Amino acid sequence: MLVSDFDGVIIDGMEEYWWSARRCAMRLDPRLADLPGTVPQSFRTLRPHVLGGWEMPILAASIGGFGPTPQAFAAAYGSSLQLALLQLGWERSRLETGLDEVREEAVRQERQTWLALHRPYPWMLSFLQRLQEEGTPWRVLTTKSASFTAELLASHGLRPEEVHGREDGPKPTVLARMLSTLSPRASVAFLEDRLASLLEVQQHQDLAPVRGFLASWGYLFPDDTERAPASITVLRPEDLQTPLANW
Ligand SMILES: [Mg+2]
């Protein structure tokens, strides 16, 4: 069974991350009204750190000159996030709902514009289409809200068996729950572009049947493909020609 991450694996949504993060940040703090409309390079550079969408308005604020600097985020990401929440007076839950609100409005009022900010990776699109034609079930596991993920998948004719979103909890928890419902001989190929998430899964003994695959085309740090241990397979677009059964 293929279980695939969404952002940076199926879809390149960089334009949209900045678009929604910027809008969310501007609403929460009017001092951020001057944030640029095009994606700043520092936002692209910091994106591989991001685990949840709520972190992105914080990065927007940083780029706008409030909270820790982008350099501070690059040097110590986790502690800078915590410091930023304090300095900005923001809460994670407020950022999550703020981002959802911006996206809900976009889907209602500017659906086509919003959809066009997301670009599927062509090799992933044809790979998933092939799975669907063969009748091979696959799932999506993401930290994005399930409803937006489903909306985007549907706009490209993609029909996963299940979309596990932010609401379902941390990825290792969802994977453990999933394994308990599959046949004991089933193996799960977990495709991710965040090396830290793959490494975390390997720390869980009950997740031994989950094999990790790193999507080399996603939001990686420059040395991620070399840093990946042998137990994690680095996948390149051309590897998607190989049938899933032979992965
Ligand atoms: Mg990702």
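Residues numbered from 1 in each chain as written. Predicted model: local features only at pLDDT ≥ 70, side-chain atom pairs only at ≥ 80, totals over all residues.

Undergrad: Break down the overall build of the protein chain for me, with residues and values.
TA: Within the protein chain, the regular secondary structure consists of twelve helices and eight strands. Since a compact globule built from 247 residues should have a radius of gyration of about 18 Å, the 18 Å found for the protein chain is in line with a globular shape. In terms of principal-axis extent, the alpha carbons of the protein chain reach across some 55 × 40 × 30 Å. Every one of the 247 residues in the protein chain was classed for burial, and the buried ones make up 37%. Considering only residue pairs separated by 6 or more positions, the protein chain has 60% of its internal contacts joining residues 24 or more positions apart. (Helix = DSSP H or I, 4+ residues; strand = E, 2+ residues; numbered from the N terminus. Rg over C-alpha atoms; globule rule 2.2 N^0.38 Å. Buried ≥ 20, exposed ≤ 12 C-beta atoms within 10 Å, placed from the backbone. Contact = placed C-beta atoms within 7 Å.)

Undergrad: So, the nonpolar core: which residues are in play, and what are the values?
TA: Among the nonpolar cores identified, the biggest contains 30 residues, and F190, L191 and L214 are the most heavily contacted of them. When residues in this core are grouped by element, the largest group, four residues, is from strand β7 (residues 210–215). L191 has contacts with L2, S4, D5, V9, F213, A215 and L235, leaving out every residue within four places of it along the chain. Among the nonpolar cores identified, the runner-up in size contains 25 residues, and V50, W54, L81 and L88 belong to it. (Core = buried A, V, L, I, M, F, W, Y, C linked by C-beta atoms within 7 Å.)

Undergrad: Quick rundown of the domain arrangement of the protein chain? Include the residues and the values.
TA: The domain architecture assigned to the protein chain consists of domain 1 (2–12 + 119–246) and domain 2 (14–115). On the side of domain 2, ten residues touch domain 1, which itself brings twelve residues to the contact. Top element by residues in the side of domain 1 that touches domain 2 is helix α9 (residues 146–155). It accounts for four residues. A breakdown of the residues in the side of domain 1 that touches domain 2 according to their chemical character gives five nonpolar, three polar and four charged. (Domains from an automatic or database assignment. Nonpolar A, V, L, I, M, F, W, Y, C, P; charged D, E, K, R; others polar.)

Undergrad: Before we move on, could you go through the sheet that holds strand β6 (residues 188–192) and cite the residues and values that matter?
TA: Spatially, six strands are ordered β5-β4-β1-β6-β7-β8 in an open sheet, and the strand pairing comes out parallel. Only two strands of the sheet have a single neighbouring strand rather than two, namely β5 (162–164) and β8 (232–235). The mean angle between the axes of side-by-side strands here comes to 25°, regardless of whether they run parallel or antiparallel. Contacts from helix α11 (residues 195–202) reach β6, β7 and β8, with the element oriented near 170° to β7. (Pairing = 2+ DSSP bridges. Axes fitted to C-alpha atoms, helices over the stretch in contact; angles between N-to-C directions.)

Undergrad: Tell me about the packing of helix α1 (residues 14–28) against helix α3 (residues 55–63), and please be specific about residues and values.
TA: Close contact between α1 and α3 brings their axes to 8 Å; oriented N to C, the two are set at 75°. Between α1 and α3, the interaxial angle falls into the category roughly perpendicular. On α3, the residues that touch Y17, A21, R22, C24, A25 and L28 of α1 are M56, P57, L59, A60 and A61. Of the residues contributing to the contact of α1 with α3, the split by class is ten nonpolar, no polar and one charged. (Parallel < 35°, antiparallel > 145°, perpendicular 65-115°, else oblique.)

Undergrad: Outline the pairing of β7, listing residues and values.
TA: Two faces belong to every sheet, and in a regular strand the side chains alternate between them. Counted residue by residue, β7 has five buried out of six residues, so it is predominantly covered. The sheet contact formed by β6 and β7 spans five bridges and is parallel. In the strand pairing of β7, A189 is matched with R211. Between β6 and its parallel partner β7, the chain crosses via α11, and the hand of that crossover is right-handed. Here β7 pairs with β8 via four bridges, running parallel. Residue F213 lies in a different strand from β8, and its bridge partner there is T233. (Right-handed = clockwise from strand over helix to strand, strands pointing away.)

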